[in-house]
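# Working through the structure, step by step
Take a look at the letters that make up each chain.
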Amino acid sequence: MNQSFYAAAREFAQALDRDDFSTASTLLAEDCVYKSPGDTLQGRADIMSSYETNSAWASEAFDAVHYSSTVAEHDGQRMCIMFTDRVDHKGVTHAYRCRQILTPNEAGYIQHIDHVEIAGEREALERFLKECGVTRVTPPKPD
């Protein structure tokens, strides 16, 4: 396992857990790519903007939000972050989990992020949002 990339992945995860987007940003390659099941973001600025926008929305939408993560080796070169987002709203708590697989570039920066949904997690989150009466309108992307 690449210890220096493990340390970078852990620092990235911990920075996101505490909404320290400035620190997290320094760990991404300028041309980093983030792929999720429904979207692809390119570039450090767009990726960090997405993390920040999602966190700001959650803070406004719910009574309390707590982020935590664990980092593990994925396949000898890549690292896997297991993110857990625990939200409280109207006396109900829900935890949503997902994985993000990080690939380094030659300089040790995060070059690629693959967002991997865990079976049933997205559906459980959607049920929780519906039960709590929370809706999210995704703004259109700028051209």
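These figures come from a predicted structure and were not determined experimentally. (Residues numbered from 1 in each chain as written. Predicted model: local features only at pLDDT ≥ 70, side-chain atom pairs only at ≥ 80, totals over all residues. Heavy atoms only, no water.)

### Let's talk about the packing of aromatic side chains
Aromatic ring pairs are defined here through the distance separating the ring centres and the angle between the ring planes. We apply this condition: For Phe, Tyr and Trp, rings pair up if their centres lie within 6.5 Å, where Trp contributes its six-membered ring, and each pair is then called stacked (planes under 30 degrees apart), edge-to-face (over 60) or tilted (otherwise). Strands here mean DSSP runs of E at least two residues long; helices mean DSSP runs of H or I at least four residues long; both are numbered from the N terminus. A 1.4 Å probe rolled over the protein chains alone gives each residue an accessible area, and that area as a share of the maximum for its type sets the label: buried under 20%, exposed over 50%, partly exposed in between.
According to the stated counting rule, one finds four aromatic pairs in the structure shown. Aromatic side chains Phe12 and Tyr51 sit 5.9 Å apart centroid to centroid with 75 degrees between the ring planes, which places their arrangement in the edge-to-face category. Placement of Phe12 in helix H1 (residues 3–17) and of Tyr51 in helix H3 (residues 44–61) is noted, with a sequence separation of 39 residues between them. Across the pair, Tyr51 and Phe12 agree in class, each one buried.

### Focus on H1
Inclusion rule: In this scheme, a helix's expected span is set at 1.5 Å multiplied by one less than its residue total.
Here H1 contains 15 residues, and its C-alpha end-to-end distance of 21 Å stays within 8% of the 21 Å for a straight helix at 1.5 Å per residue. For H1, the complete set of buried residues consists of Phe5, Ala8, Ala9, Phe12, Ala13, Ala15, Leu16 and Asp17. Just beyond H1, the residue with positive phi is Asp19, at close to 60 degrees.

### Some remarks on the environment of Lys35
To keep things clear, this is the line we draw: The contact criterion used is simple: two residues touch if any of their non-hydrogen atoms lie within 4.5 Å.
Within the secondary structure, Lys35 is located in strand S1 (residues 28–36). The exposure class assigned to Lys35 is partly exposed, which follows from its relative accessible area of 40%. Taking the C-alpha atoms as reference points, Lys35 and Val116, 81 residues apart in sequence, are found 8.8 Å from one another. Ignoring anything within four residues of it in the chain, the contact list for Lys35 reads Thr40, His112, Ile113, Asp114 and His115.

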